[in-house]
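# A structural walkthrough
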Amino acid sequence: MTAAVILDYSNLPVGLNDSKKLTESRRNALYDEICATAFVSVASSSAATIDRMNIRAATLDAMRRAVAVCPGEQAMSSWMAAMCRRGLVWTGSR
């Protein structure tokens, strides 16, 4: 399961921070606030896809699909640039 989120910086939920620094109840509350004020796209890969591609490739593919439906031309190019800098782009080969 992967997600792409485009936040509205003029309407950020109060207390948005590193999720590991938040209590479970605050994370849950922020989830609802983020979903109400941001563009959220989720994608997943089936067990069969993971078996066929491998976990890394299937995760990167799900990330690509989540970003692909984000509004604006910049979303995909920004994601691709970030993945390239980290050497994480999946080219489709095993």
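For the structure, check the block above.
As a starting point, this report considers the structure included with it. (Residues numbered from 1 in each chain as written. Predicted model: local features only at pLDDT ≥ 70, side-chain atom pairs only at ≥ 80, totals over all residues. Heavy atoms only, no water.)

Moving on to the pattern of salt bridges. Taken as a whole, this structure holds four salt bridges when the rule is applied. Linking Glu 33 and Arg 26 is a salt bridge whose minimum nitrogen-to-oxygen distance equals 3.4 Å. On the basis of relative accessible area, Glu 33 is assigned to the partly exposed category, the value being 31%. The partly exposed category is assigned to Arg 26, whose relative accessible area is 26%. Arg 64 is the salt-bridge partner of Asp 61, the closest N and O atoms lying 2.7 Å from each other. You can see Asp 61 and its partner Arg 64 sitting in helix H3 (residues 55-68), three residues apart, about one turn around the helix. (Salt bridge = Lys/Arg side-chain N within 4 Å of Asp/Glu carboxyl O. Buried < 20%, exposed > 50% of the residue type's maximum accessible area, 1.4 Å probe, protein only. Helix = DSSP H or I, 4+ residues; strand = E, 2+ residues; numbered from the N terminus.)

Summarising the element assignment, Ala 36 is placed in helix H1 (residues 24-37). Judged by relative accessible area, Ala 36 falls into the exposed class, the value being 66%.

Below, the discussion takes up the nonpolar core. Grouped together as the largest cluster of nonpolar side chains are six residues: Ala 4, Ala 43, Ala 62, Ala 66, Val 67 and Cys 70. Considering each element in turn, this core owes the most residues, three residues, to H3. (Core = buried A, V, L, I, M, F, W, Y, C linked by side-chain atoms within 4.5 Å.)

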